[in-house]
Amino acid sequence: MNQSFTEILSIEIAKLLSPLLLLDSKEEIQELLKELGYDVDLNDIPPGTDFTSVIQKIIALFDRIADLPNASDKQAELIAIGIDLGVIVKEVSTQIVTPLKNLLSSISGISNKDELPKRLGDYLVYTYFEEHYKAIFATKHLLGLLEEVEDTTNNSIKTVKWNLIGKLFSKPIDVFDQVYDWSNDFGDDKFLKRFEKLVLALGLPGGIYEQTTTIQAHLGNPAGTKEVRMPVYQDGVWPDNWRELDINVSPIPANASDKKAFFSIPISLAAFLSATISIPNGNLNWKEIPI
């Protein structure tokens, strides 16, 4: 049965809030604050600090959403869930975010206290995609929308780069400049690692491998250059009549006025004794070379 938009929205918001279910002890509160970049000692957390009331409501909401298909009046129950969901979101702000902010304000030596609401919001969005939608997470990570950013105290903070979303459509090169220094010294290692994560998240075969010396020579890459290798077609029995078509993503070095970039290379393998690589020559005509 197709789910309504309201039902889908309720389920997704419940997933978004799920990390808050762990805040049932001082140790878990300390761990969350550490994830947000606040190094708080357990002794700094007052006795009795817990968020049991809100957590129990979130758990009850999860149970109601899971049991929604069995409701006698599904539409009425969905409306009730939506109303209660709005109340819970408000209580997360008043009964979790505000107490945590007050807690930090009472501790001396804690920096960036005013950033707590944004950091918690970013953390929930970051972990939502990371835990539930790995392919979308890997895509957003490749584009630089989801990052781990060091704050002024060298803590690594899960961050959503909201300011880049509009630029992806209006000035995409500016986004790649900010994420990979595209126009100056292209960060190919960073790009390849993130591209590999996307390939694996999509369930595709492939990974990062060291480039062959022949390809390095033809592309002008230094020894030890890495590339992402993805087989798109495989047939036959190894090693007698094995056939394979790969798509390789490789960095290419700066050359005169041309800056560093990356290059997608189709490679055809016919058994292990014979292989060719198709690359464009200087006139942008394709040629084959043995590898």
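Since this is a predicted model, take the numbers as computed values, not measurements. The residue numbering used here restarts from 1 in each chain and proceeds along that chain's sequence as written. Reporting in this predicted model follows two pLDDT cut-offs: at least 70 for local features of residues, and 80 or more for side-chain atom pairs to be given and counted; totals over whole chains, interfaces and linings ignore these cut-offs and use all residues. Remark: hydrogens and water are excluded; side-chain values derive from all non-hydrogen atoms of the structure.

## Re the overall build of the chain
The helix and strand tally for the chain stands at 10 helices and eight strands. The contact criterion used is simple: two residues touch if any of their non-hydrogen atoms lie within 4.5 Å. Across the chain, contacts joining residues at least 24 apart in sequence account for 47% of those joining residues at least 6 apart. Throughout, the Shrake-Rupley method with a 1.4 Å probe supplies accessible areas, and for residues the shown protein chains are the sole cover considered. When the accessible surface of the chain is summed, it comes to about 16400 Å², and 56% of that surface belongs to carbon and sulfur atoms. A run of H or I in DSSP becomes a helix once it reaches four residues, and a run of E becomes a strand once it reaches two; helices and strands are each numbered from the N terminus.

## With respect to the packing of aromatic side chains
Under the pairing criterion, centres of Phe, Tyr and Trp rings, with the six-membered ring standing for Trp, must be within 6.5 Å; the plane angle then separates stacked pairs below 30 degrees from edge-to-face pairs above 60, leaving the rest tilted. In the structure shown here, the tally under the stated rule is 10 aromatic pairs. For the pair Tyr 126 and Phe 137, a centre-to-centre distance of 5.2 Å together with 75° between the ring planes defines the contact as edge-to-face. One end of the pair, Tyr 126, is in helix α5 (residues 116–132); the other, Phe 137, is in helix α6 (residues 134–143), and 11 residues separate them in sequence. Phe 137 carries the same exposure label as Tyr 126, and that label is buried. Ring centres 5.6 Å apart and planes at 75° place the aromatic pair Phe 176 and Trp 182 in the edge-to-face group. Linked through ring pairs, Phe 176, Tyr 180, Trp 182, Phe 186, Phe 191 and Phe 195 together constitute an aromatic cluster. Three labels apply to residues, based on accessible area from a 1.4 Å probe with only protein chains included: buried if under 20% of the type maximum, exposed if over 50%, partly exposed otherwise in between.

## What about unusual backbone geometry?
In this model, Asn 112 sits at a positive phi of 60°, which is unusual for a non-glycine residue. One can find Asn 112 in the loop between α4 (74–105) and α5. One non-glycine residue, Asp 181, adopts positive backbone phi at about 55°. For Asp 181, the location among the structural elements is in the loop between α8 (172–180) and α9 (188–201).

## Some details on the nonpolar core
Grouping buried Ala, Val, Leu, Ile, Met, Phe, Trp, Tyr and Cys residues that are joined through side-chain atoms within 4.5 Å yields what is termed a nonpolar core. Residues Leu 20, Leu 23, Leu 33, Tyr 38, Val 40 and Leu 100 are the most contacted members of the largest nonpolar core, which totals 34 residues. Contributing elements (two or more residues each) for this core: α1 (5–17), α2 (26–35), α3 (52–66), α4 and α5. Here this core takes 10 residues from α4, the largest share from any one element. Contacts of Leu 33, omitting those with residues within four sequence positions, involve Tyr 38, Val 40, Leu 100, Leu 103, Leu 104 and Leu 116. The next biggest cluster of nonpolar side chains, apart from the first, holds 16 residues, and it includes Phe 186, Phe 195, Leu 198 and Val 199.

## Examining the environment of Val 54
Its place among the elements puts Val 54 in helix α3. On the basis of relative accessibility, which here comes to 1%, the residue Val 54 falls in the buried class. For Val 54 and Leu 21, which are 33 residues apart along the polypeptide, the C-alpha to C-alpha distance reads 8.8 Å. If near-sequence neighbours (up to four positions away) are discounted, Val 54 is found in contact with Glu 91, Val 92, Gln 95 and Ile 96.

## Examining a negative patch on the surface
The patch calculation keeps residues exceeding 30% relative accessible area without a salt bridge and links them within 9 Å when they carry like charges or within 5 Å when they are nonpolar (Val, Leu, Ile, Met, Phe, Trp, Tyr). The working definition used for a salt bridge is a side-chain nitrogen of Lys or Arg within 4 Å of a carboxyl oxygen of Asp or Glu. This count recognises Lys and Arg as positive and Asp and Glu as negative, with His and chain-terminal groups excluded. Working definition for charges: the position is that of NZ of Lys, CZ of Arg, CG of Asp or CD of Glu. Together, Asp 24, Glu 27, Glu 28 and Glu 31 make up a negatively charged patch on the protein surface. Tracing the backbone shows Glu 28 in helix α2.

## Quick look at the pairing of strand β2 (residues 156–160)
Taking burial as the measure, the five residues of β2 include four buried ones, the bulk of the element. When strand β1 (residues 146–150) meets β2, the two strands line up antiparallel, connected through five bridges. Bridge pairing in β2 links Glu 150 to Ser 156. A loop of five residues connects β1 with β2, the two strands running antiparallel in sequence, and Asn 154 in this loop sits at a positive phi of about 65°. Strand pairing requires that DSSP identify at least two bridges connecting the strands.

## Concerning the side chain of Lys 158
Of note, Lys 158 is situated in strand β2. Within the structure, Lys 158 has its side chain in polar contact with the side chain of Glu 35 (distance 3.4 Å). Residues in contact with Lys 158, not counting those within four places in the same chain, are Glu 35, Asp 122, Tyr 123, Tyr 126, Thr 127, Glu 130, Glu 147 and Glu 148. What qualifies as a polar contact is a pair of N or O atoms within 3.5 Å, subject to a donor-acceptor requirement within protein and to the restriction that residues adjacent in sequence count only when both atoms come from side chains.

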